[in-house]
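Survey of secondary and tertiary structure
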Amino acid sequence: MNFCSACGKPVAQKIPPGDNLPRFVCGSCDAIHYHNPKIVAGCIPEWENQILLCRRAIEPKSGLWTFPAGFMEIGESTEQAAMRETVEEAKAEVVLTRLHSVFSLPQIGQVYMVFVGKMQSKRFGAGAESLEVRLFHPSEIPWEEIAFPVVKEALRRYIDDMAKGGLSLHVASLPDRLNKTGTTGSILHNRSDG
Ligand SMILES: [Zn+2]
């Protein structure tokens, strides 16, 4: 950032007294502006033996598939955010049944919290940010057209769990969401899931 959001004067990066990392500090009003990770809440909506995916209508990764996910808003819980995104992007009502995965993306300062949700009916449709929404059997998932490695990793673990007959909680770090190959599984799978 260049200017203080409190008073509009220039900011400079420095380590405030008692801190150990550089922060944006206002030279005029002394406000300290912290940049902390953002939480993305997502939902894998289930209907019978299928899951609901959305084809993105917006950049980045327009045209590729994802489950509903987005940044939390102030004033809502992670569960509410996951359900809201499912309504907005896929026009589907879900009841969340469990937390499936927590992925840290340290390089870009994001944390994904991915829930599993039971669709309350077979009603769904493309929200403003989706070109198309449809149900997929596990064997039909378009692995080569998934929008983000973190989404692919969450889906892969979900599908693996289902094949084994039960979901477990996955906690892992994703080294680089912008990985060119899009295959981060080998790194992730070496980590402990607990
Ligand atoms: Zn200021």
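See above for the structure.
Anyway, here's the lowdown on the structure attached to this text. All of these numbers come straight from a predicted model, not from anything done at the bench.

Calculation rules
Residues numbered from 1 in each chain as written. Predicted model: local features only at pLDDT ≥ 70, side-chain atom pairs only at ≥ 80, totals over all residues. Heavy atoms only, no water. Donors = N, O, S within 2.8 Å, 3.2 Å for Na, K, Ca; no water. Tetrahedral: all angles 85-135°; square planar, octahedral: opposite > 155°, others 65-115°. Helix = DSSP H or I, 4+ residues; strand = E, 2+ residues; numbered from the N terminus. Phe/Tyr/Trp six-rings, centres within 6.5 Å; stacked < 30°, edge-to-face > 60°. Buried < 20%, exposed > 50% of the residue type's maximum accessible area, 1.4 Å probe, protein only. Lys NZ or Arg CZ within 6 Å of the ring centre and 35° of its normal. Salt bridge = Lys/Arg side-chain N within 4 Å of Asp/Glu carboxyl O.

The next thing to look at is the coordination of the zinc ion. Coordination of the zinc ion by the protein is provided by Cys-4 (SG), Cys-7 (SG), Cys-26 (SG) and Cys-29 (SG), with metal-donor distances spanning 2.3 Å. Viewed at the metal, the 4 donor atoms of the zinc ion are separated by angles of 98 to 119°, and the geometry they form is tetrahedral. Sequence positions of the residues that donate to the zinc ion give the spacing C-x2-C-x18-C-x2-C. Note that Cys-7 is positioned in the segment before strand E1 (11-14) and Cys-29 in the loop between strand E2 (23-26) and strand E3 (32-33), a separation of 22 residues in sequence.

Within this structure, the stated rule accounts for 1 aromatic pair. Plain terms: the ring middles of Trp-65 and Phe-136 are 5.0 Å apart, the flat faces sit at 85° to each other, and that makes the pair edge-to-face. Of the two residues, Trp-65 sits in strand E6 (residues 65-66) while Phe-136 sits in strand E10 (residues 130-136), which places them 71 residues apart along the sequence. You'll find Trp-65 and Phe-136 in the same group, each marked buried. Over the ring of Phe-136 we find Arg-134; its NZ or CZ atom is 3.9 Å from the centre of that ring.

Here the focus is the pattern of salt bridges. Applying the stated criterion to the full structure yields 9 salt bridges. Among the salt bridges present, the one from Glu-140 reaches Arg-134, with a minimum N-O distance of 3.3 Å. Classification of Arg-134 as partly exposed rests on a relative accessible area of 31%. In this structure, a network of salt bridges that share partners links the residues Glu-76, Arg-84, Glu-85 and Glu-88.

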